[in-house]
Amino acid sequence: MKLHQLDLNLLLAFDALMTQGSVTRAAESLFISQPAMSHSLNRLRTFLGDPLLVRTPQGMLPTPRAQRLHLGVQQALRLLEQQLSEEDEFAPSQSKRRFVLCTTDYVECVLIPPLIQRLRTLAPGVTIEIRILRDTLPEAELASGEIDLVLGFDEYMQVPGYLGKETWLTEPLAGLVRATLELEEERITLSQLIEMPHVFHSPLGTSEASLDRYLKTLGFSRTISVNSQSYMSAAAIVSQSDHLLVLPSMVAELLASHWPLRSLPLPEDVPDYHLNCVWHPVHAQQPALIWLKALMKELVNPG
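Everything in this summary refers to the structure shown in the same document. Quick caveat: nothing in here was measured; it's all calculated off a predicted structure.

A closer look at the overall build of the protein
Within the protein, the regular secondary structure consists of 12 helices and 12 strands. Expected size for 303 residues packed as a compact globule is a radius of gyration near 19 Å; at 32 Å, the protein overshoots this value by more than 25%. Dimensions along the principal axes, computed over C-alpha positions, put the protein at roughly 105 × 40 × 30 Å. Long-range contacts, defined as pairs at least 24 residues apart, comprise 75% of the intrachain contacts of the protein with a sequence gap of at least 6. Accessible surface, the protein as shown: approximately 16500 Å² in total, 53% of it carbon and sulfur.

Okay, structure coming up:
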C-alpha cells in the first residue's frame, strides 16, 4: 500500500465516520453532503479492502481493521493540526526567553534602560543580550535566529530589500559644547559647524555621517580633530575643550544632564536621523518577536 496513492482528505472522513458512527452525522461535522460522505466511505473501503463500517440494527459498527486504524489516524491528524496551527501566544510573565539585539550605543543609552525597567514588571524572566552593530549588517545571524532584531540609523545600515524594516523614530541632531563655552546664539550656526573643531562619534568606524553629506551639498566640510567610538569619551573631550560634538538630540540631552555640557539645536535644514528596526522575514510571525517589537516601539514613541 502506497501512501501517495491515498487522498489524505479521506482520513478526515474516516475519523468523522468512526467518531460519529453515522454517515449523516459525519457529513454534517465536515460540512459536506451525505452523498459525498458515502462516496468517501466507498473509496476508503476499496483502498483498504475492508468494509470498515457495517450497518446493523444497532447502527454502523466498525470492523476490527477500522478499530485498529482509527487510533493511529487520530494521532496523525492531531499531530498535523498541531504542527499546522499558529504558534502559541507568547506569555511574557511566564517566559524565560532571551532576546538578542544588535545595535549601536545610541540605543543602549536611550532605549535599553527603559526597556529593562518595563521587563522587570511585564516579563521578569526575559533577558536581553546586546551585540554591537558593526559596519556590516549581520544577515546570516538574522536568518538563523541567532540575532532577533537589528536597530540602527540609516547612515550606518544598507538594508537589503528582502529584510523587514520599519522606521521607529525620526530625531533631529544636536550640538554638544562645554557648558562654559561662550556663544553668540543659543543655536549652532552653519558657520560654527564649519569653523569649530569636531569630535566625531563613530561607533562603527565610519568616516562620514549624514552631517558631512549635508555640508557637501552646500560646498562645505567640517574639521574633525578627534574620532571617538564612545559617547562617554567624546563627552569627556568636549567638556574640557572648545570642540563640538554632533549627535542625536536625546543622547545629547542625556549627556548634558550628567556632564558640564550644553545641548544646542543645529540649523533647521540639517537632516534628521531615522532609527530603523530590521528583522528577517523567516521569524517575522514569532509571537515573542512581535511582542518585543511592539513594546520597544511603544517606548520609542510613547505618544
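A few points about the side chain of threonine 63
Within the element layout of this structure, threonine 63 appears in the loop between β2 (59-62) and α4 (64-84). The class of threonine 63 is buried, set by a relative accessible area of 10%. Residues in contact with threonine 63, not counting those within four places in the same chain, are Asp50, Pro51, Leu52, Leu53 and Val54.

A few points about the packing of helix α1 (residues 9-20) against helix α3 (residues 34-48)
Running from N to C, α1 and α3 point in directions that differ by 105°, and their axes come no closer than 10 Å. It follows from the interaxial angle that α1 and α3 lie roughly perpendicular. Together, Leu10, Ala13, Phe14 and Leu17 of α1 and Met37, Ser40, Leu41, Arg43 and Leu44 of α3 make up the contact between the two elements. Its residues placed into classes, the contact of α1 with α3 shows seven nonpolar, one polar and one charged.

So, the sheet that holds strand β3 (residues 98-103)
Spatially, five strands are ordered β4-β3-β5-β12-β6 in an open sheet, and the strand pairing comes out mixed. Both edges of this open sheet fall to β4 (127-132) and β6 (164-171), since each of them pairs with a single strand only. Along the sheet, successive strands turn relative to each other by an average axial angle of 20°, direction set aside. Here strand β5 (residues 149-153) pairs with strand β12 (residues 273-279) via four bridges, running antiparallel. Paired with valine 150 across the strands is valine 278, a residue of β12.

Here is what the cut-offs are and how they apply
- Residues numbered from 1 in each chain as written.
- Predicted model: local features only at pLDDT ≥ 70, side-chain atom pairs only at ≥ 80, totals over all residues.
- Heavy atoms only, no water.
- Helix = DSSP H or I, 4+ residues; strand = E, 2+ residues; numbered from the N terminus.
- Rg over C-alpha atoms; globule rule 2.2 N^0.38 Å.
- Contact = heavy atoms within 4.5 Å.
- Areas by Shrake-Rupley, 256 points an atom, 1.4 Å probe, with all protein chains shown as cover.
- Buried < 20%, exposed > 50% of the residue type's maximum accessible area, 1.4 Å probe, protein only.
- Axes fitted to C-alpha atoms, helices over the stretch in contact; angles between N-to-C directions.
- Parallel < 35°, antiparallel > 145°, perpendicular 65-115°, else oblique.
- Nonpolar A, V, L, I, M, F, W, Y, C, P; charged D, E, K, R; others polar.
- Pairing = 2+ DSSP bridges.

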